[in-house]
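# Structural overview for review
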Amino acid sequence: MTDASAMRVDAHNHVWQLERGDYGWLTPDLAPIYRDFTLDNLRPELIEAKVGATVLVQAAPTIAETEYLLQVARASEGIVRGVVGWVDLAAAQAVPTLTRLARDPLLKSIRPMLHDLSDPEWILRPDVERGLSALPRLGLRFDALVKPAQLPALLRMLERHPDLQLVIDHGAKPPIAAAGWQPWADLIAAVAGHARVHCKLSGLVTEAAEGWTIDALRPYVDHLLACFGAQRLLWGSDWPVVELRGGYSRWIAATVALLGGLGEDDRAAIMGGNARRFYGLA
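In this text, all values refer to a predicted model and were calculated from it rather than measured experimentally. (Residues numbered from 1 in each chain as written. Predicted model: local features only at pLDDT ≥ 70, side-chain atom pairs only at ≥ 80, totals over all residues. Heavy atoms only, no water.)

### Topic: the packing of aromatic side chains
What counts is decided by this rule: Any pair of Phe, Tyr and Trp rings, taking the six-membered ring for Trp, is counted once the centres come within 6.5 Å. Such a pair is stacked with planes under 30 degrees apart, edge-to-face with planes over 60 apart, and tilted for the rest. For every residue, the accessible area obtained with a 1.4 Å probe (protein chains only) is divided by the maximum for its type, and the residue is called buried under 20%, exposed over 50%, and partly exposed between those limits. Working definition: helices are DSSP H or I runs of at least four residues, strands are E runs of at least two. Numbering for both runs from the N terminus. Criterion for a charge above a ring: Lys NZ or Arg CZ within 6 Å of the ring centre, and within 35 degrees of the ring normal.
Per the counting criterion, the structure on display carries nine aromatic pairs. The interplanar angle of 55° and the centroid separation of 6.2 Å between the aromatic rings of W16 and Y23 together place this pair among those described as tilted. On the basis of relative accessible area, W16 is assigned to the buried category, the value being 0%. Summarising the aromatic geometry, the rings of F37 and W239 are spaced 5.3 Å apart at their centres and angled 90° between planes, so their arrangement reads as edge-to-face. Of this pair, F37 sits in the loop between β1 (8-13) and α2 (39-49) while W239 is found in the loop between β8 (233-235) and α9 (248-258), placing the two residues 202 residues apart along the sequence. Here the aromatic cluster, defined as three or more aromatic residues joined through ring pairs, consists of W16, Y23, W25, F37 and W239. Just above the ring of F37 sits the side chain of R35; from NZ or CZ to the centre is 3.9 Å. One residue, R250, lies across the ring of W212, its end atom 3.8 Å from the ring centre.

### Observations regarding the side chain of S237
The condition that has to hold: Under this definition, polar contacts are N or O atom pairs within 3.5 Å; protein pairs additionally need one hydrogen-donor-capable and one acceptor-capable atom, and for neighbouring residues in sequence, both atoms have to be side-chain atoms. Residues are treated as being in contact if the distance between any of their heavy atoms lies within 4.5 Å.
With respect to the element layout, S237 can be found in the loop between β8 and α9. Of note is the side chain of S237, whose polar atom sits 2.6 Å from the side chain of D10. Within the structure, the side chain of S237 is placed 3.0 Å from the backbone nitrogen of W239, a separation counted as a polar contact. Beyond its immediate chain neighbours, meaning those up to four positions away, S237 contacts D10, H12, N13, V242, Y248 and W251.

### Section: α9
Count 3.6 residues to each turn of an α-helix, and residues three or four apart come out pointing the same way. The following threshold applies: It is the directions from the helix axis to the C-beta atoms whose arc is reported.
Those residues of α9 not exposed but buried are Y248, W251, I252, A254, T255 and L258. Buried positions in α9, seen along its axis, are confined to an arc of 155° and lie on one side of it.

### Here's the deal with the packing of helix α3 (residues 63-74) against helix α4 (residues 94-101)
Rule in force here: Only the contacting stretch of a helix is used when fitting its axis, a line to C-alpha atoms as for every element, and angles between N-to-C directions run 0 to 180 degrees. In these notes the angle categories are as follows: under 35 degrees is roughly parallel, over 145 is roughly antiparallel, 65 to 115 is roughly perpendicular, and the rest is oblique. Note that Gly is not counted as nonpolar here; it falls among the polar residues with everything else outside the nonpolar set of Ala, Val, Leu, Ile, Met, Phe, Trp, Tyr, Cys and Pro and the charged set of Asp, Glu, Lys and Arg.
For the pair α3 and α4, interaxial distance at closest approach is 12 Å and the crossing angle is 10°. On the basis of the axis angle, α3 is roughly parallel to α4. In this structure, α3 contributes I63, T66, E67 and L70 to the contact, and α4 contributes T97, R100 and L101. Along the lines of polarity and charge, the residues of the contact of α3 with α4 split into three nonpolar, two polar and two charged.

### Here we look at the sheet that holds strand β5 (residues 141-144)
Note the threshold: At least two bridges found by DSSP between two strands is the condition for calling them paired.
An order of β1-β2-β3-β4-β5-β6-β7-β8 is seen for the eight strands of this open sheet, with the pairing classed as parallel. Edge positions in the sheet fall to β1 and β8, since each of these pairs with one other strand and no more. Between one strand axis and the next, the sheet turns through 30° on average, direction left out of account. In terms of strand pairing, strand β2 (residues 51-57) meets strand β3 (residues 80-85) through four bridges, oriented parallel. Opposite V57, over in β3, you have V84 as the bridge partner. Each of β5, β6 (166-168) and β7 (197-201) touches helix α6 (residues 151-160); the most contacted strand, β6, lies at about 165° to it.

### Points about the environment of R81
Inspection of the secondary structure assignment puts R81 in strand β3. Spatially, the C-alpha atom of R81 lies 9.8 Å from that of G52, the residues being 29 residues apart in sequence. Excluding residues within four positions of it along the chain, R81 makes contact with M7, G52, A53, T54, L106, K108, L281 and A282. Within the local environment of R81, its side chain forms a polar contact with the backbone oxygen of G78, the two atoms lying 2.6 Å apart.

### Regarding the nonpolar core
The line we're drawing: Side-chain atoms within 4.5 Å link the members of a nonpolar core, which is a set of buried Ala, Val, Leu, Ile, Met, Phe, Trp, Tyr and Cys residues.
With 87 residues, the main nonpolar core has I123, F142 and I168 as its most contacted residues. With seven residues, helix α8 (residues 214-228) is the single largest residue contributor to this core. A11, F278, Y279 and L281 belong to the second-largest nonpolar core, a separate cluster that totals twelve residues.

### Looking at the pattern of salt bridges
To keep it simple, the criterion reads: Put simply, a salt bridge is a Lys or Arg side-chain nitrogen that is within 4 Å of an Asp or Glu carboxyl oxygen.
Under the counting rule described, the total for this entry stands at 13 salt bridges. In this structure, E65 engages R20 in a salt bridge whose closest nitrogen and oxygen atoms are separated by 2.9 Å. Of the two residues, E65 sits in helix α3 while R20 sits in the loop between β1 and α2, which places them 45 residues apart along the sequence. Judged by relative accessible area, which is 23%, R20 ranks as partly exposed. Across the pair R156 and E121 runs a salt bridge, and its minimum N-O distance is 3.2 Å. Of the two residues, R156 is situated in helix α6 and E121 in the loop between β4 (107-110) and α5 (126-137); the sequence distance between them amounts to 35 residues. Here R156 falls in the partly exposed class, since its relative accessible area comes to 42%.

### Overview of the side chain of H170
By secondary structure assignment, the location of H170 is in the loop between β6 and α7 (184-192). What makes H170 buried here is its relative accessible area of 4%.

See below:
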């Protein structure tokens, strides 16, 4: 295994500046993360965790957010290898907007904030179909930010768009704090039945209770491994949101423990190789 193939990649993190004013979900009651977070804040975490590259993910549903992240990525001196942006796929100008943004090779994927939408079948709307259909021909992927309630519609969408490359963010947010299992377990298994679908091993600790343990996470991680295999899971920190549940170093240490039964090649795939392949990172 070469050093490049073994390099860790954080497939899911954020930066934000509160003064930009488009983070509707980010409120003062989330005190540990209600402040600006920049790459300068992230770099020490990356160094400690031996992470060599990252993927920045949108945290606001605006074109301005996408353009901001692309600007941050271009100025990152190679740390940020890709951006997951936002475009309103239902907008009349969705395809021209996607076409313009996709000219930047750092844009890798589009992420509607599906779990915040009142309609769990929004992704099936006819006006969204045009934007979804444009993604593969523009070389863009789809990040699905979903909870279990959105998975039935996502399954129908996958049937309609057989060329769309898709990754589930945060394991589809299983109800870990409540020790819930169904319908999440069967639905995520059904989604994994589509061989082109990947899944992020990220965001799980914020679905767990405060004071979470590795044993509390293990059934959910084991199920994701059983469903997707080691070649379709992408590790991500979900920094700085992970600061709400123990921080970057605690989550990566938990991940190492949870994946301890895998072989070296499988661990390296989850911790970096799969993200490079799925997102086409340089």
